[in-house]
There are 2 protein chains.
Amino acid sequence: MSNWIPWACLGVSIVGVAFAAIYSRLVLKEDAGSERMREISKAIQEGALAFILREYRYVGMFIVVMAILLTVAMRKQDGWMMAICFVFGAVLSLSAGFVGLSISTRANARTTEGARSSGVNKALKIAFRSGAVMGLTVVGFGLFGLSICYLVFEVWLGMYNSANIILGFSLGASSVALFARVGGGIFTKAADVGADLVGKVEEGIPEDDPRNPAVIADNVGDNVGDVAGMGADLYESYVASIVAPISIASTGAVYAAKTNGSSLGARGMVLPLAIAGAGILCSVIGSLLVRTKEGGNPQRALTGATYLTAALATLSSFLLVWWILGWQHIGIFWSLFMGVISGISIGLVSEYFTSPTYKPVKEIAKSSLTGAATTIIRGLATGTLSTAFPVVMVAIAMGVAFVTGERVIPGGGGIYGIGLAALGMLSTTGMVVAVDAYGPVADNAGGISEMAHLDPEVREITDGLDSVGNTTAAIGKGFAIGSAALAAIALFAAYAQATGLSAISLVGDYKFIVGIFLGAAVPFLFSGLALNAVGRAAFSVVEEVRRQFKEVAGLREGVEGVRPDYSRCVDITTKTAIYEMILPGAIAVLAPLLVGRLLGAEALGGFLASALATGFILAITMANAGGAWDNAKKYIEGGEFGGKGTPVHAAAVVGDTVGDPMKDTAGPSMNILIKVMTVVALVFVPLFL
Amino acid sequence: MSNWIPWACLGVSIVGVAFAAIYSRLVLKEDAGSERMREISKAIQEGALAFILREYRYVGMFIVVMAILLTVAMRKQDGWMMAICFVFGAVLSLSAGFVGLSISTRANARTTEGARSSGVNKALKIAFRSGAVMGLTVVGFGLFGLSICYLVFEVWLGMYNSANIILGFSLGASSVALFARVGGGIFTKAADVGADLVGKVEEGIPEDDPRNPAVIADNVGDNVGDVAGMGADLYESYVASIVAPISIASTGAVYAAKTNGSSLGARGMVLPLAIAGAGILCSVIGSLLVRTKEGGNPQRALTGATYLTAALATLSSFLLVWWILGWQHIGIFWSLFMGVISGISIGLVSEYFTSPTYKPVKEIAKSSLTGAATTIIRGLATGTLSTAFPVVMVAIAMGVAFVTGERVIPGGGGIYGIGLAALGMLSTTGMVVAVDAYGPVADNAGGISEMAHLDPEVREITDGLDSVGNTTAAIGKGFAIGSAALAAIALFAAYAQATGLSAISLVGDYKFIVGIFLGAAVPFLFSGLALNAVGRAAFSVVEEVRRQFKEVAGLREGVEGVRPDYSRCVDITTKTAIYEMILPGAIAVLAPLLVGRLLGAEALGGFLASALATGFILAITMANAGGAWDNAKKYIEGGEFGGKGTPVHAAAVVGDTVGDPMKDTAGPSMNILIKVMTVVALVFVPLFL
């Protein structure tokens, strides 16, 4: 069965991609609305295309350099094969991002038109189907690539180090994700903050007003950050969570374990592929179930389908463990199950800390009564306090996954269990990305209705869909963080196995502790760079917008026929965002290489472990503080403490603006950072021993 | 020599205390000024006394509980002896805080009067001598207690586990420091923020205006936070840095090492005592050298004397290592020297990031042009970026100290070297505390001159002294953070030795990594609680001040004879601060006990290592972000970007207010947190094995 399951997975991945193609057909055959709407949508498309092509050029150069490095530095470990997998993984990620972006930037006007012509159900359908294209492409491409790599290097060539070679694929995914998340994150927030600072604050014009020269850049940002960036992020987590248990199972205790008298062998390696394949089928089923009646609750439609997908995926994982590993190893299912549980509970806790229905957000809103300073202090405190439960949850998941795994297969089953925990959480990635990528489409649709001066009723419908999108985005963010942590832990476990970190001494050697110190600093450094990057990029947008308002006659007054130069804003944001992503990106790749080469594999182990812990905690702090500020502002806008236009509201707006780059740039970047560093370490292990 | 050196140290400690007594005599014999000034000073004294007595009552209860716990839980390890040391260490800390506070609250009016009657030189002398009382009391009491413990348990009783028993002393110091730093930190910032929010913002009256009901509480805060709290903090670091190498040298390779044919034995244990003793003498000399001519530069007088003290202490450490350990072990001096170097360089980097002469602060000021939000983002980014160098520096210091130590005495000299690195940094504690405790006295003196309506010239002199105090405080903060990290690392090294953490496996067991995850979260949780505590306590001050302005007729108008009820504000702040310190304090003590008992010594090792790294980094982030915001505001007040009263200034004020609890409450608390947790772990080691 170890040979035909990968073939089956290849087939399933093609089914996933086929559904993505069907959904995109269904989206594209919808009407894109009036001339004006098409025009706006086109401008967003062109902006997003310009950004992504420029980004891909830089990423492409990075890929070439890295492929050469792999080939040369790892020449004794068949580095050229690794390099092939690497390029394959990277190109598939770039293509998935391109597909998702192409559809989301075309679905926006169609969603607006759907809302205008038929109402909420139609609009939801279009926006969600567009998200599903991204979701199914991500998982389809991911599993497609991994199945091919597995079939070529393990089944066909029978390479002794096939699992290591396949790691190259994961490295490719990580590298693209790093730049897509960081570059996209800087773009989206620079455009958003820049547009707001001049538009809302200085000129006093509403959000999405077509007079604002940065309005198209803002809408482009939603697509490149929240669709392409998020997709690349989860593609990477998904791939890593499949690769890590494959790598662990390729040698050692899991490979040697006996089942029904014969040894487990490669069966431990195909199980992750099989679970991922089942997850794709479950996601397809889930995506078919998203529908709501006119007047129904779109929130319920989306979360209901998500939970159902998770339940189906968990059930099928149980059956697959039973069938592939045999009943005497069924205990390891509990490792996997712990991953699902911790993922869901981290999402729910995020909701508690960021939803206006609970105490934390209300308290932040109340603290705005005494000004912006107390709003900020309270929000920061809320962010840090919100980390306690998720950390304990991950610690418990890690502990339980390890102990149950170790009980089933002593001497190596524990870290295999940790690998499966991450996979358990990520098997429903297709559905999660679909729900997540739906948000920015609804957001864009609202912007287009505003810019095309449509009936306010249309905006109301899209706003309703958008607010659902905000909630699902918050849960999705919790999911992305939790799954990133588990995937990184799984990769770390593979690293510990590969380097044989089984006799670390803190008395006879101090490198491990030195590594812990250095590792804890990297997420801080990276966050600082990302925050500064947004600040600088936003500043350049502000200057351009101010210039246009000053120099373009009639723009402020909204004279008929006078249009701002949207593309210049897109262009400036693109250039700055891409320039600013280089340094943090380089740090993420180079830091583990430097630590590993200079201080050795043991120090690198400490480095990775503490970078992982700190990155995870910083990610949650920033995501929840940002989300809480955002909703505290909305809570006040809903009429509490005086509502819009009061000093209380102004204080809350400061909180929201501070939170923006934290929750949408620096925070999500942590997810990639911790995985990139671990994957780099794992791939280049032979250089550190 | 192992027997008489402790006696000599006892003598030296008494010399230090004698100088403290002389300085306090000299301060007290100065004129305390007019009736009004005495009255104000008296109010501050009474407020500080009320706070400290209430705080000591709670700390006293904690000490009793802890002493019983030590006696019972450690009954097989002579816990009752440990409990005696514990109470001794705690009582000496409480007494040192009491002495320092008694003098600083009496020196304030005398400094004002000195400035009024004779000018800057006289005022500097009084303020600095008051600081020197705190400084020399801290080190004198510390070494006095440790020498007695050593003489009783090691020399006289010859206990086999004398080093463990003496650890009780360090635990006592830590426990008091925890509550003094956290409680004092909450008090000082709650009063400060509360006074400013109503006084400056709502009522538009200047700082230190006697009409503000919270003005006395604000001045009390300077004393309980920056004198007593800071003193307890450094007392604790000082004691820990002596105890850690004693503990390491009491067994293992260092004890068994040969020098000139005979084994080193207890000589490795008396070396730390001797170095501390020499440090006291150097501090006394340094304190005698602080003088400036009329028109001279008080900044130069203070930093010059500090550097000279450090140079003298380093030289005498070299001679002591040579003399006590012998020339063949002189290499270990370099471990010690690395501590001095890293301490100074961390201080200098703090200066770069927080001084208005350099780019970071100017950039923050510039970002205020686009409002409070960009000010905050920029400041947070600056804080996180400022951690990179100190982390690398501590990592290098750790590495070098370990390698040189290990080269001299293989198999245990490395961690002894790390212990000595912390001691190298802390041997000049007396002088550092003196310089640090001088600041709040100068600050208070300014407040008194304002409240007593003295000539503006007097305020100018005290403001000059105060601004010097701000710079020294920033360097002192860097020193406190760096020394705390090294002391905690030294304690951690002792922990690693005591638990024999020499074969940690990351493949066969996962508890270590679980520990790393949990440990990284504690500093975040603790910071969040501290920030929230300040927010809540400040809110209660605001409410009381508002009430008085509303209810007390004639207060706002400043009618002759109408005085606000100062003591009520002090009382409210006291109650809230003490109430709010309980939960974070309990977490710091209980978390390591819980992790150790539930997950074992290995997990606790991971827990401590990552808590240490994260706490250190958070401390620097918060200290430098806060300092940078503070000075960005001052930079703008100096006339840049429009100066006072502009929206730019208002944005900078928001930054300053956010930074206040970060740099003065949560940040400094990290120093204690990491040491308390490590000391608790070290003392209770037998429970975890």
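Here the residue index of a chain counts from 1 through its sequence in written order. Chains and ligands are labelled by the order in which they are written, letters from A for the one and numbers from 1 for the other. Given that this is a predicted model, residues contribute local features only at a pLDDT of at least 70 and side-chain atom pairs are listed and counted only at 80 or more, while totals for whole chains, interfaces and linings are drawn from all residues. Think of the side-chain values as coming from all heavy atoms in the structure, minus any hydrogens and water.

**What about the overall build of chain A?**
In step 1: Working definition: helices are DSSP H or I runs of at least four residues, strands are E runs of at least two. Numbering for both runs from the N terminus. A count of helices and strands for chain A gives 20 helices and two strands.
In step 2: Its C-alpha atoms give chain A a radius of gyration of 24 Å, within 12% of the compact-globule value 26 Å for 689 residues.
In step 3: Projecting the C-alpha coordinates of chain A onto the three principal axes gives extents of approximately 80 × 55 × 45 Å.
In step 4: Summary of the burial criterion: residues with accessible area below 20% of their type's maximum are buried, those above 50% are exposed, and those between are partly exposed, where the area comes from a 1.4 Å probe applied to protein chains only. Taken across its 689 residues, chain A has 69% of its residues classed as buried.
In step 5: For chain A, the proportion of contacts with a sequence separation of at least 24, taken over those separated by at least 6, is 84%.
In step 6: The method behind every accessible area is Shrake-Rupley, applied with a 1.4 Å probe, and residues are considered shielded solely by the protein chains displayed. Summed over all atoms, the accessible surface of chain A reaches about 21100 Å², with 62% contributed by carbon and sulfur. As a reference, a globule follows 2.2 Å times the number of residues to the power 0.38, and the radius of gyration itself is taken over C-alpha atoms. Residue contacts are counted whenever heavy atoms from the two residues lie within 4.5 Å of one another.

**Some thoughts on the relation of the copies chain A and chain B**
In step 1: At an RMSD of 0.0 Å, chain A and chain B line up after a rotation of 180 degrees and a shift of 0.0 Å along the axis. The symmetry that links the two subunits is that of a two-fold axis. Within chain A, the C-alpha atom positioned nearest to the axis of rotation is that of Ala-503 of chain A, 2.0 Å from it.
In step 2: When the interface residues of chain A are mapped onto chain B, 100% of them again fall at the interface, so both copies present the same face. Least squares is the method for superposing the copies, and the C-alpha atoms it fits come from residues with pLDDT of at least 70 in both.

**A closer look at the interface of chain A and chain B**
In step 1: On the side of chain B, 71 residues touch chain A, which itself brings 71 residues to the contact.
In step 2: Summed over both partners, the interface of chain A with chain B buries about 6200 Å², with 81% contributed by carbon and sulfur atoms.
In step 3: What makes a salt bridge here is a side-chain nitrogen of Lys or Arg within 4 Å of a carboxyl oxygen of Asp or Glu, nothing more. Summed over the shared surface of chain A and chain B, the number is zero salt bridges.
In step 4: Polar contact is the term for a pair of N or O atoms within 3.5 Å; when the atoms are in protein, one must be able to donate a hydrogen and the other to accept it, and sequence-neighboring residues count only if both atoms are side-chain atoms. In this structure, the connection of chain A to chain B is made through three residue pairs in polar contact (both at pLDDT 80 or more).
In step 5: At the level of elements, α12 (372–385), α13 (388–408), α14 (413–426), α16 (456–499), α17 (511–551), α18 (566–637) and α19 (647–683) of chain A are the ones that each hand at least two residues to the side of chain A that touches chain B.
In step 6: In terms of residue count, α17 of chain A provides more of the side of chain A that touches chain B than any other element does, 17 residues in total.
In step 7: Under the scheme applied here, ten amino acids are nonpolar (Ala, Val, Leu, Ile, Met, Phe, Trp, Tyr, Cys and Pro), four are charged (Asp, Glu, Lys and Arg), and all others, including Gly, are polar. Here the side of chain A that touches chain B is composed, by residue class, of 50 nonpolar, 15 polar and six charged. By buried area we mean the combined loss of accessible area, with a 1.4 Å probe, across both parts when two parts are placed together.

**Notes on the packing of helix α5 (residues 162–203) of chain A against α17 of chain A**
Residues and elements named next belong to chain A.
In step 1: α17 packs onto α5 with a crossing angle of 45 degrees between their chain directions and a minimal axis gap of 7 Å. For the element pair α5 / α17, the angle class is oblique. Our pair here, α5 against α17, has a crossing hand that is right-handed. Contacts between α5 and α17 pair Leu-178, Val-182, Ile-186, Lys-189, Ala-190, Val-193, Gly-194, Ala-195, Leu-197, Val-198, Glu-202 and Glu-203 from the former with Phe-526, Ala-533, Val-534, Ala-537, Ala-538, Val-541, Val-542, Val-545, Arg-546 and Phe-549 from the latter. Where helices are involved, their axes are fitted lines through C-alpha atoms of the stretch in contact, as for all axes, and angles between N-to-C directions lie from 0 to 180°. Any angle between 65 and 115 degrees counts as roughly perpendicular, while under 35 counts as roughly parallel, over 145 as roughly antiparallel, and the rest as oblique. If you view the pair so one helix is near and one far, a crossing is left-handed when the near helix is turned anticlockwise from the far one by less than a right angle, and right-handed when it is turned clockwise.

**Description of the packing of α19 of chain A against helix α12 (residues 372–385) of chain B**
The axes of two packed helices give the description: the angle between them and the distance between them.
In step 1: The N-to-C vectors of α19 of chain A and α12 of chain B enclose an angle of 40 degrees; their axes lie 8 Å apart at closest approach. As summarised for this structure, α19 of chain A and α12 of chain B are arranged oblique, according to the angle between their axes. Here α19 of chain A runs over α12 of chain B; the crossing is right-handed. Each of Val-654, Thr-657, Val-658, Pro-661 and Met-662 of chain A in α19 of chain A lies in contact with α12 of chain B, whose residues at this interface are Ala-372, Ala-373, Ile-376, Ile-377 and Leu-380 of chain B.
In step 2: Along the lines of polarity and charge, the residues of the contact of α19 of chain A with α12 of chain B split into nine nonpolar, one polar and no charged.

**A few points about a nonpolar patch on the surface**
Residue and element names in this part refer to chain A.
In step 1: Excluding any residue in a salt bridge, patches collect residues exceeding 30% relative accessible area, merging like charges within 9 Å and nonpolar Val, Leu, Ile, Met, Phe, Trp and Tyr side chains within 5 Å. A surface patch of nonpolar side chains, about 430 Å² in accessible area, is lined by Tyr-58, Met-61, Tyr-579 and Ile-582.
In step 2: Residue assignment for the nonpolar patch shows that the elements contributing at least two residues are α2 (35–73) and α18.
In step 3: As for its position among the elements, Met-61 is in helix α2.
In step 4: According to the relative accessible area criterion, Met-61 is partly exposed, its value standing at 47%.

**Regarding the side chain of Asn-219 of chain A**
In step 1: For Asn-219 of chain A, the location among the structural elements is in helix α6 (residues 215–249).
In step 2: Not counting chain neighbours up to four residues away, the residues in contact with Asn-219 of chain A comprise Ile-44, Asp-208, Asn-444, Gly-447 and Met-451 of chain A.

**Here we look at empty space enclosed by the protein**
In step 1: Within this scheme a cavity is a closed region of a 1 Å grid, computed over the protein atoms alone, that accommodates a 1.4 Å probe without allowing it to escape, whereas a pocket is open but has protein on both sides within 12 Å along at least five of seven lines; lining residues each have an atom within 4 Å of a point. Grid points are joined across faces, edges and corners, and a volume is the space filled by probe spheres set on the points. For the structure shown, the criterion picks out six cavities of 30 Å³ or more.
In step 2: Quantified by volume, the largest cavity comes out at close to 300 Å³.
In step 3: Residue lining of the largest cavity: 18 residues in total, with Leu-380, Leu-618 and Thr-621 of chain A together with Leu-380 and Leu-618 of chain B positioned closest to the centre.
In step 4: Taken together, the residues of the lining of the largest cavity break down into twelve nonpolar, six polar and no charged.

**Quick word on the environment of Val-680 of chain A**
Residues and elements named next belong to chain A.
In step 1: In this structure, Val-680 sits in helix α19.
In step 2: On the basis of relative accessible area, Val-680 is assigned to the buried category, the value being 1%.
In step 3: Residues Val-680 and Asn-108, spaced 572 residues apart in sequence, show a C-alpha to C-alpha distance of 37 Å.
In step 4: What Val-680 contacts, discounting residues up to four positions off in sequence, is Leu-171, Val-589, Pro-592 and Leu-593.

**Things to note about unusual backbone geometry**
All names here are of chain B.
In step 1: At Asp-78, a position not held by glycine, the phi torsion is positive, near 55 degrees.
In step 2: Tracing the backbone through its elements, the reader meets Asp-78 in the loop between α2 (35–73) and α3 (79–117).
In step 3: The backbone of Phe-641 sits at a positive phi, close to 50 degrees, despite the residue not being glycine.
In step 4: Within the element layout of this structure, Phe-641 appears in the loop between α18 (566–637) and α19 (647–683).

**Describing the confidence of the model for chain A**
In step 1: Considering every residue of chain A, the mean pLDDT works out to 89; 99% of them sit at 70 or more.
In step 2: By definition, pLDDT measures how confident the predictor is in each residue, and it falls between 0 and 100. The spread of mean pLDDT over the elements of chain A runs between strand β1 (residues 258–259) of chain A, the lowest at 72, and helix α1 (residues 4–28) of chain A, the highest at 95.

**Quick look at helix α11 (residues 359–367) of chain A**
All names here are of chain A.
In step 1: Taken together, the buried positions of α11 are Pro-360, Val-361, Ile-364, Ala-365 and Ser-367. Looking straight down α11, one finds its buried side chains confined to an arc of 160 degrees; they lie on one side.
In step 2: Where α11 is buried, its residues touch α10 (333–354), α12, α18 and α19. The directions considered for the arc are those from the helix axis to the C-beta atoms.

**Focus on the pattern of salt bridges**
In step 1: Counted according to the given criterion, the structure contains 52 salt bridges over all chains.
In step 2: With a closest N to O distance of 3.0 Å, Asp-192 of chain B and Lys-189 of chain B form a salt bridge. Separated by three residues within a single helix, Asp-192 of chain B and Lys-189 of chain B lie in helix α5 (residues 162–203), roughly one turn from each other.
In step 3: A salt bridge links Arg-536 of chain B to Glu-580 of chain B, with the shortest nitrogen-to-oxygen separation between them at 2.8 Å. A residue pair is termed long-range when its members are at least 10 positions apart, and Arg-536 of chain B in helix α17 (residues 511–551) and Glu-580 of chain B in helix α18 qualify at 44 residues.
In step 4: Judged by its relative accessible area of 38%, Arg-536 of chain B falls in the partly exposed class.
In step 5: The structure contains a network of salt bridges with shared partners spanning Lys-189, Asp-192, Asp-630, Lys-634, Asp-660, Lys-663 and Asp-664 of chain A.

**What about the packing of aromatic side chains?**
Residue and element names in this part refer to chain A.
In step 1: In this analysis, rings of Phe, Tyr and Trp, with Trp reduced to its six-membered ring, are considered paired at centre separations within 6.5 Å, and the interplanar angle assigns stacked below 30 degrees, edge-to-face beyond 60, and tilted for intermediate values. Throughout the structure, instances matching the rule amount to 36 aromatic pairs over all chains.
In step 2: Geometrically, the ring pair formed by Phe-19 and Tyr-23 is tilted, given 6.4 Å between the ring centres and 55 degrees between the ring planes. Of this pair, Phe-19 and Tyr-23 are both found in helix α1, four residues apart, which corresponds to roughly one turn of the helix.
In step 3: Take Tyr-23: its relative accessible area is 5%, and that puts it in the buried class.
In step 4: When the centroid spacing of 5.8 Å and the interplanar angle of 25 degrees are considered together, the rings of Phe-333 and Phe-337 count as stacked. Remark: Phe-337 and Phe-333 occur in helix α10; sequence separation between them is four residues, near one turn of the helix.
In step 5: Members of the aromatic cluster, connected to one another through ring pairs, are Phe-318, Trp-322, Trp-327, Phe-333, Trp-334 and Phe-337.

**Some details on the state of the cysteines**
Residues and elements named next belong to chain B.
In step 1: Note on terminology: disulfide denotes any pair of cysteine sulfur atoms within 2.5 Å. According to the stated counting rule, one finds zero disulfides over all chains in the structure shown.
In step 2: Lacking any disulfide linkage, Cys-85 is separated from the closest cysteine sulfur, that of Cys-149, by 3.6 Å.
In step 3: Residue Cys-85 is classed as buried on the basis of its relative accessible area, which comes to 1%.

**Let's talk about the side chain of Asn-444 of chain B**
Residue and element names in this part refer to chain B.
In step 1: Tracing the backbone shows Asn-444 in helix α15 (residues 429–451).
In step 2: Asn-444 sits in the buried class, given a relative accessible area of 0%.
In step 3: Excluding anything up to four places from it in sequence, Asn-444 contacts Ile-44, Asn-108, Asn-219, Asp-222 and Asn-223.

**With respect to the environment of Ala-488 of chain B**
All names here are of chain B.
In step 1: Here Ala-488 shows up in helix α16 (residues 456–499).
In step 2: Taking relative accessible area as the criterion, Ala-488 reaches 0% and is therefore assigned buried.
In step 3: Separated by 188 residues in sequence, Ala-488 and Val-676 place their C-alpha atoms 8.5 Å apart.

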